[in-house]
Amino acid sequence: MIVIMKMDRTEQQRDAVFARLKEGGLRGQEISGESRTVIAVLGQVYPELRDDLSVMAGVDDVVRISKPYKLSSREVKPNDTVVKLPYGIQVGGGRPVVMAGPCSIETEDQLWAAARGVHDAGAHVLRGGAFKPRSSPYSFQGLGVPGLKLLRRAGDEFGMPVITELLSERDVEAVAEYSDVLQIGARNTQNFVLLEEAGKTHKPVMLKRALAGTIEEWLLAAEYILNQGNSDLILCERGIRTYETATRNTLDLNAVALVKQLSHLPVISDPSHGTGKWSLVKPMSMASLAVGADGLMIEVHPNPDHALSDGAQSLTPGNFAHLMRECAKVANAIGRPFADRPVPVA
Ligand code: PEP
Ligand code: MN
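What you are looking at is a predicted structure, and each value in this text was computed from that prediction instead of being measured.

Peer 1: Which residues make up the coordination of the manganese ion (ligand 2), and what values do they have?
Peer 2: Listed as protein donors to the manganese ion (ligand 2) are Cys103 (SG), His273 (NE2), Glu299 (OE) and Asp310 (OD); their distances from the metal cover 2.1 to 2.4 Å. For the manganese ion (ligand 2), the single-chain donor residues occur in sequence as C-x169-H-x25-E-x10-D. Of this pair, Cys103 sits in the loop between strand 7 (97–101) and helix 3 (108–121) while His273 sits in helix 9 (residues 271–275), placing them 170 residues apart in sequence. For the residue pair Cys103 and His273, the accessibility class agrees, reading buried in each case.

What follows is the structure, encoded as structure tokens:
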């Protein structure tokens with residue numbers, strides 16, 4: 001349910017609505033849009049509530065939300081959310097951004113070679129995993145905090161915001177200290193305690209879709225973060241498990257187009273994990289932009305054959321530069337040119 005306030009409502013009238021909700025064991029969250037201010041009602045609403053709220057001073061209308069997710073829904077907030085990052089980067093403003101870098105941070109040399117490559121090719125955000133969710137406990141698990149420190153240094157040296165994954169509540173503090181965006185990976189999309197802890201940091205979060213999660217489950221997971229009062233949330237489609245085994249996952253571009261209709265949150269597409277094959281990353285990146293993705297996440301490694309994780313889907317810096325040139329043509333053709341390059345800090 002949302003309470004649409006009159007344009008000339010007073011603060012007292014707004015506070016009275018909050019108080020009324022509290023009396024009913026509910027919580028209100030104010031969302032200011034371009035043309036109206038609404039209060040989203042969070043909690044289990046009861047039948048008489050609509051009538052109770054409708055007659056209150058300053059209230060224009062009370063509307064039921066048809067979807068089980070609320071704060072992520074366009075019904076609550078019609079205008080697009082724009083997530084602001086350092087170096088003047090905006091995610092969701094209508095101009096796509098590219099996040100690129102190695103799957104795992106392995107060494108300083110490897111990270112610097114990848115960072116230089118993606119920076120020179122025009123990427124906006126540097127990615128790199130320090131805490132890796134590996135299927136086998138015997139596989140490389142990431143460098144941990146020393147990896148975060150390298151990523152931060154590389155981001156600052158090349159003048160790019162950075163994004164990295166956190167695996168558990170254990171990592172929240174360290175990742176929030178060193179990274180500009182907290183990435184919640186596909187294996188943790190429904191780790192609700194982690195979602196709440198990430199939300200509480202009030203740092204931008206990127207929430208990937210679960211390996212076999214429905215769109216509704218994904219948006220309900222987003223609610224756990226938004227519900228903490230953190231509105232800097234980005235979604236990322238990274239492919240889902242299907243019966244098809246010819247590719248690692250099936251990049252669900254239906255989901256990108258549909259979530260853009262259902263939600264105001266920016267949606268990034270990750271064709272690296274979505275396909276698992278480097279040769280498919282460029283065509284699926286072009287397709288992602290064409291269906292309306294707000295950006296791309298791409299794995300790039302200076303020497304994919306020797307990568308400690310996800311080498312088969314990683315692009316060389318040369319292939320990445322080619323991808324950027326081809327994708328720029330699509331972005332220009334659909335009237336959504338890539339965002340401007342990061343702005344150096346004076
Ligand atoms: C990654 O970005 O390297 C990663 C592990 O992604 P996902 O959670 O989508 O598998
Ligand atoms: Mn990876």
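Peer 1: Provide a residue-level description of the layout of surface pockets, including the pertinent values.
Peer 2: By rolling a water-sized probe across the atoms, one finds the places where empty space is left. Taken as a whole, the largest pocket encloses approximately 340 Å³ of empty space. Counted by class, the lining of the largest pocket contains 4 nonpolar, 6 polar and 11 charged residues. Along the wall of the second largest pocket there are 14 residues; nearest its centre are Ile31, Lys77, Thr81, Ser231 and His264. Split by residue class, the lining of the second largest pocket holds 5 nonpolar, 6 polar and 3 charged. Residue contributions to the lining of the second largest pocket reach at least three from each of two domains, namely domain 1 (2–63) and domain 2 (83–333).

Peer 1: I'd like a rundown of helix 3, residues and numbers included.
Peer 2: Taking 1.5 Å per residue, 14 residues should reach 20 Å; helix 3 reaches 20 Å between its end C-alpha atoms and fits that length. Contact partners of the buried residues in helix 3: strand 7, strand 8 (125–127), helix 4 (145–158) and helix 11 (317–333).

Peer 1: Explain the sheet that holds strand 3 (residues 37–42) residue by residue, including any values.
Peer 2: Ordered by their spatial adjacency, 4 strands build an open sheet running 2-3-1-4, and the pairing between neighbours is antiparallel. With partners counted over all chains shown, the strands left at the sheet margins are strand 2 (27–32) and strand 4 (59–63), one partner each. The average undirected angle you get between the axes of adjacent strands in this sheet is 25 degrees. Across the sheet, helix 1 (residues 11–23) lies against strand 1 (2–5), strand 2, strand 3 and strand 4, angled at about 145 degrees from strand 2, the strand it touches most.

Peer 1: I'd like a rundown of the side chain of Asn79, residues and numbers included.
Peer 2: Position of Asn79 relative to the elements: it lies in the loop between strand 4 and strand 5 (83–85). For Asn79, a relative accessible area of 18% gives the class buried. Residues within four places of Asn79 in sequence aside, it is in contact with Gly33, Glu34, Arg74 and His264.

Peer 1: Could you give an account of the pairing of strand 7, naming the residues involved and the relevant values?
Peer 2: Of all the 5 residues making up strand 7, 5 are buried; the element is thus mostly covered by neighbouring parts of the structure. Of the two faces of strand 7, the one holding Val97, Met99 and Gly101 and the one holding Val98 and Ala100 are both buried throughout. Bridge count between strand 7 and strand 14 (residues 295–299): 5 bridges; the pairing is parallel. Across the sheet, Val97 pairs through a bridge with Gly295, a residue of strand 14. With respect to chirality, the unit in which strand 7 leads through helix 3 into the neighbouring parallel strand 8 is right-handed.

Conventions adopted
Residues numbered from 1 in each chain as written. Chains lettered and ligands numbered in written order. Predicted model: local features only at pLDDT ≥ 70, side-chain atom pairs only at ≥ 80, totals over all residues. Heavy atoms only, no water. Donors = N, O, S within 2.8 Å, 3.2 Å for Na, K, Ca; no water. Helix = DSSP H or I, 4+ residues; strand = E, 2+ residues; numbered from the N terminus. Buried < 20%, exposed > 50% of the residue type's maximum accessible area, 1.4 Å probe, protein only. 1 Å grid on protein atoms, 1.4 Å probe; cavity = no way out; pocket = protein on both sides within 12 Å on 5 of 7 lines; lining within 4 Å. Points joined across faces, edges and corners; volume = space filled by probe spheres on them. Nonpolar A, V, L, I, M, F, W, Y, C, P; charged D, E, K, R; others polar. Domains from an automatic or database assignment. Expected span 1.5 Å × (residues − 1). Contact = heavy atoms within 4.5 Å. Pairing = 2+ DSSP bridges. Axes fitted to C-alpha atoms, helices over the stretch in contact; angles between N-to-C directions. Right-handed = clockwise from strand over helix to strand, strands pointing away.

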